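Overview (structure and organization)
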Amino acid sequence: MKMLIAKITGLLAAFGSMILVIILLYFNPYSSEKSQFGTMMIVYTTLFAPALFALICLIIKRYRLMFIPFIWSLPISLYLGLTPGVFSLIMLTCILYLISALLFLFNHKSK
Amino acid sequence: MVINLKMKGLVNIKKISILVLSFVLLLGFSTNVFAAEKTIGEQNKQILVSEPNNSITFKKVEIIKESDKTTVSVDGHVEFGDVPKKVQIEVDAKKGTYKTKLLSVGPIIKNPTSTSDSASTIQPMSATELRSAAVTINSIDPAYWSLARTTQYLNWNVWSDGTVGFSSRSLNTWDGQPTQGGTYWYLNWISFQGDPWYTSNYTMVGSDLSSQHYNYDFGLPNLVTYANHNISIYGLSTGYDFNATYSHSGEFSSLLSAQIWYN
């Protein structure tokens, strides 16, 4: 049961991050201005790549590595978490990575 | 045994959650705490050198550290015919260097929305050419989202004897309302600093512009972040010099940097 919750949490975090990245870059509700190349690079490398990494971890069942997307996306998530808009949800997805990683860890220990 | 392990697990989760939460809160308040610790009135100037792999270098980049803010002053020169550029500048006070990144090449769109000055007197000699310059400071956040922008436009005549004469100037300003991150920036004030001025031999015409932008909805709602922009353009017969000075102060201001765009 704990494994399932950990997996669902991890999936939610990864897909949630990906969806927020797509909204942020291509369907931004706050601005019609096209995202700069620098913004795209930062968002892809600090949010999309960790989400992809988390998905791969879940697929190949390397659950211990779920801490990596949390640490990877933490700096930008902390920043976005302080914005007043919808992108503060990025902080939530980052916390979900941590919860998922901890659940995997404790599940592994309890075995 | 299983219950014991479960209990231990819960205690661990609690400990880790408290640790993470403390870390987040500590980060949130660190900027203000550090700002308060610094000596008031202290001012340190430091000239920065260009990093070796910079494709764009400026005449001079200086950093001025004050008690509550860090000001960056950039002096540049543009020759007539040079390609318009948008350059991102990142300063490293510890290393004493600055790093530039060419973002794109293209003119600054002229869209003056506010004050504009024009020369009212007829110049004594026929102008060989009318020259123009536009310089923008664009404050950005860590995600490279534009927050607040100030632009000065200067037009001047270059006479056949190499002297210059003021023609007109204007300004433009933009604030993210909202920015791509959902924060709102506002213009506090903007004004030309005095009339256009000349050097004694009329080989340079100068114009200075200052502005202040602010935001209060990032982080804690009662704390303000300021972006100060000063742009000076010095029209010459062969091109122009400019000084773009910016500073960010207030809540989380150390996260902000700037881009300089020039035509």
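Small disclaimer: the values here were computed from a predicted structure and weren't measured.

**Here's the deal with the overall build of chain A**
Of regular secondary structure, chain A possesses four helices and zero strands. Going from N to C terminus, chain A has its helices and strands arranged as α-α-α-α. In terms of C-alpha radius of gyration, chain A reaches 14 Å, essentially the compact-globule figure of 13 Å for 111 residues. Considered along the principal axes of its C-alpha atoms, chain A spans approximately 50 × 25 × 20 Å.

**Notes on the pairing of strand β5 (residues 97-105) of chain B**
Residue and element names in this part refer to chain B. Inspection of the sheet shows strand β1 (residues 44-50) paired to β5 by two bridges, in the parallel sense. Considered in β5, the bridge of Val49 is made with Thr97. Where strand β4 (residues 85-92) folds back on β5, the antiparallel hairpin that results is connected by four residues, among which Gly96 adopts a positive phi of roughly 75°.

**Overview of the confidence of the model for chain B**
Chain-level statistics for chain B give a pLDDT mean of 81 and a share of 76% at 70 or above. Note on residues 24-40 of chain B: pLDDT is under 50 here. Beyond four places in sequence and across chains, it has eleven contacts.

**Section: the environment of Trp189 of chain B**
Residues and elements named next belong to chain B. Position of Trp189 among the secondary structure elements: in strand β10 (residues 186-192). With 25 residues separating them along the chain, Trp189 and Tyr214 place their C-alpha atoms 9.8 Å apart. Contacts of Trp189, omitting those with residues within four sequence positions, involve Ser211 and Gln212.

**A word on the environment of Ala14 of chain A**
Residue and element names in this part refer to chain A. For Ala14, the position within the fold is in helix α1 (residues 2-26). Judged by the 26 C-beta atoms lying within 10 Å of it, Ala14 falls in the buried class. Other than its neighbours up to four places away in sequence, Ala14 contacts Ala51, Ala54 and Leu55.

**Comments concerning the nonpolar core**
Of all hydrophobic cores here, the largest spans 81 residues; its most connected members are Ala54 and Tyr97 of chain A together with Val135, Ile233, Phe242, Ala244 and Ile260 of chain B. Tallying contributions element by element places helix α4 (residues 89-110) of chain A first for this core, with twelve residues. When sequence neighbours within four positions are dropped, the list of residues in contact with Ile260 of chain B reads Val74, Val87, Ile89, Ile137 and Ala244 of chain B.

**Observations concerning helix α2 (residues 37-59) of chain A**
Residue and element names in this part refer to chain A. An ideal rise of 1.5 Å per residue puts 33 Å on 23 residues; α2 measures up with 31 Å between its terminal C-alpha atoms. Maximal helix bending in α2 amounts to about 40°, located at Tyr44. Those residues of α2 that fall on the buried side of the exposure criterion are Thr39, Val43, Thr46, Leu47, Phe48, Pro50, Ala51, Ala54, Cys57 and Leu58. In this structure, the buried residues of α2 make contact with α1, α3 (67-81) and α4. After α2 finishes, the residue Lys61 shows a positive phi value of roughly 65°.

Rules used throughout
Residues numbered from 1 in each chain as written. Chains lettered and ligands numbered in written order. Predicted model: local features only at pLDDT ≥ 70, side-chain atom pairs only at ≥ 80, totals over all residues. Helix = DSSP H or I, 4+ residues; strand = E, 2+ residues; numbered from the N terminus. Rg over C-alpha atoms; globule rule 2.2 N^0.38 Å. Pairing = 2+ DSSP bridges. pLDDT = per-residue confidence, 0-100. Contact = placed C-beta atoms within 7 Å. Buried ≥ 20, exposed ≤ 12 C-beta atoms within 10 Å, placed from the backbone. Core = buried A, V, L, I, M, F, W, Y, C linked by C-beta atoms within 7 Å. Expected span 1.5 Å × (residues − 1). Bend = angle between axes of the 7 residues up to and from the residue.

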